Amino acid sequence: MAFGITSINGQKVRFGVGLRNDICSELSELGSEKALVLSTPQQVDMAMELATAIGDRASGLFTRATMHTPVDVTEEAVEHALSIQADSLVSIGGGSTIGLGKAIALRTGLPQIAIPTTYAGSEATPILGQTEGGVKTTLTDAKVLPRVILYDPELVASLPPAMTVTSALNAMAHAAEALYAKDRTDQTTELAVDGLKAFAEGLPNVVENPGDLTAREETQRGAWACGTVLGQVGMALHHKLCHTLGGSFNLPHAETHAIVLPHAIAYNAVGVPELLTPVSEILDGGEPGQALWDFAKKMGAPMALKDLGMSEADLDRATEIALRNPYWNPRPITADGLRALLQNAWAGNAPGI
């Protein structure tokens, strides 16, 4: 599939070096005169630079975006947006910032421009995950889908190698699960394969030379494809587990996805080996879970949940939480199978089945 200017979601999607500097033309097209710029505390300098580029059209900054989109932070941001009479949102950052923009949009209806600085892909989906009371829930609503995405490879060129790899694997997880989604179509399968190929080809070049803007743009195109497919089909075991681990144990989002992915895919490959054949073919490996594990290890990804601070004593509780609400999966989920999967992911072992 060729990557066009507009995605199948009806969003305006643009790729190009220095594209963030064209932000004012996009705000004009939206008819926006009072943009609220969003970021995390770590990316406040980037947000300030963007606000300066926006000039008089920027009405304020909110730089407290937080991992897993806690509702209390969102409520504070909504109050700020209303107080400055913001008429649009500009999110510059990764999944945390873009998630905050979506959460504000859900409550206010404000249009969003997303300028991603990671490969999370959230900008391409109508999906919002929010955390309240230690529990992460997700919803799908057209109101949370950004109107415009600007992919500027210069913004990911400075992404540290470790974050580059975990963010890429997070995106690849969307595509891998899309291959066996119960509501998959030929189009979503094509998108998933395109996304996996873009990362398989581009990520090794980025790891070797982080400043390679051509390779960075290739991985951004992969992020768009993987994010778009996430918005088209339902996810299964992998995403359920990562939401459980992130929302209930406060583990970092991308790192958790990177670690769990090979194990979840290995588990499901037993049930639907033919649907996961593209993973093996793209990564030049054998069993798809093992191929992903080998690729992640070669890229220098984290390999063990224990290294993220998770206690082995929490694995039983994580299993129980993940089993609490039944959900569709291509292979039946058992308590023993899930517990064994989590044990391997916790210890950093190669995937078992």
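Notes on the structure follow. (Residues numbered from 1 in each chain as written. Predicted model: local features only at pLDDT ≥ 70, side-chain atom pairs only at ≥ 80, totals over all residues. Heavy atoms only, no water.)

**A few points about the overall build of the protein chain**
Thought 1: Scanning the protein chain for helices and strands turns up 14 helices and eight strands.
Thought 2: For 353 residues, the compact-globule estimate of 2.2 N^0.38 gives 20 Å, and the C-alpha radius of gyration of the protein chain, at 19 Å, lies within 12% of that figure.
Thought 3: The principal-axis extents of the C-alpha atoms in the protein chain amount to approximately 55 × 40 × 35 Å.
Thought 4: For the protein chain, the proportion of contacts with a sequence separation of at least 24, taken over those separated by at least 6, is 74%.
Thought 5: Put simply, the protein chain shows about 13,500 Å² of open surface, and 50% of that area lies on carbon and sulfur atoms.
Thought 6: If you average the places of the 24 positive and of the 39 negative side-chain charges in the protein chain, the two averages end up 4 Å apart. (Helix = DSSP H or I, 4+ residues; strand = E, 2+ residues; numbered from the N terminus. Rg over C-alpha atoms; globule rule 2.2 N^0.38 Å. Contact = heavy atoms within 4.5 Å. Areas by Shrake-Rupley, 256 points an atom, 1.4 Å probe, with all protein chains shown as cover. Lys, Arg positive; Asp, Glu negative; His and termini not counted. Charge placed at Lys NZ, Arg CZ, Asp CG, Glu CD.)

**Overview of the pairing of strand E4 (residues 88-93)**
Thought 1: Taking burial as the measure, the six residues of E4 include six buried ones, the bulk of the element.
Thought 2: Both faces of E4 are covered, namely the face carrying Ser88, Val90 and Ile92 and the face carrying Leu89, Ser91 and Gly93.
Thought 3: Direction of pairing for strand E2 (residues 35-38) relative to E4: parallel, over a ladder of four bridges. Across the sheet, leucine 38 pairs through a bridge with serine 91, a residue of E4.
Thought 4: As paired elements, E4 and strand E5 (residues 112-116) share five bridges and run parallel to each other. Bridge assignment links valine 90 to a residue of E5, and that residue is isoleucine 113.
Thought 5: Handedness of the E4-helix H4 (residues 95-108)-E5 crossover: right-handed. (Buried < 20%, exposed > 50% of the residue type's maximum accessible area, 1.4 Å probe, protein only. Pairing = 2+ DSSP bridges. Right-handed = clockwise from strand over helix to strand, strands pointing away.)

**Side note on the pairing of strand E6 (residues 127-132)**
Two faces, one strand: in a regular strand the side chains alternate between the faces of the sheet.
Thought 1: Pairing between E6 and strand E7 (residues 135-140): six bridges, direction antiparallel. Pairing of glutamate 132 across the sheet is with valine 135, part of E7.
Thought 2: Between the antiparallel neighbours E6 and E7 lie two residues, among them glycine 133 with a positive phi of about 60 degrees.

**Thoughts on the pattern of salt bridges**
Here the idea is simple: oppositely charged side chains can pair when their charged atoms come close.
Thought 1: In total, this model carries eleven salt bridges according to the counting rule given.
Thought 2: Here glutamate 154 ties to arginine 20 by a salt bridge, and the two come within 2.9 Å at their closest N and O atoms. In this pair, glutamate 154 is assigned in helix H5 (residues 153-157) and arginine 20 in the loop between strand E1 (12-15) and helix H1 (23-30), connecting sequence segments 134 residues apart.
Thought 3: Measuring nitrogen to oxygen at the nearest pair gives 3.5 Å for the salt bridge that ties arginine 57 to glutamate 33. Here glutamate 33 lies in the loop between H1 and E2 and arginine 57 lies in the loop between helix H2 (44-54) and strand E3 (58-62), a separation of 24 residues in the sequence.
Thought 4: Connected through salt bridges with shared partners, the residues Lys12, Arg14, Asp22, Glu26 and Glu29 form a single ionic network. (Salt bridge = Lys/Arg side-chain N within 4 Å of Asp/Glu carboxyl O.)

**Comments concerning the sheet that holds E5**
Thought 1: In spatial order, the strands read E1-E8-E5-E4-E2-E3; together these six strands make up an open sheet with parallel pairing. Each end of this open sheet is capped by a strand with a single partner; those strands are E1 and E3. Taken pair by pair, the neighbouring strands of this sheet meet at an average axis angle of 15 degrees, ignoring direction.
Thought 2: Sheet topology places E5 next to strand E8 (residues 148-151); two bridges connect them, and they run parallel. By the bridge assignment, alanine 114 is partnered in E8 with isoleucine 149.
Thought 3: Where helix H3 (residues 71-83) meets the sheet, it contacts E2 and E3, and its direction lies at approximately 160 degrees from that of E3. (Axes fitted to C-alpha atoms, helices over the stretch in contact; angles between N-to-C directions.)

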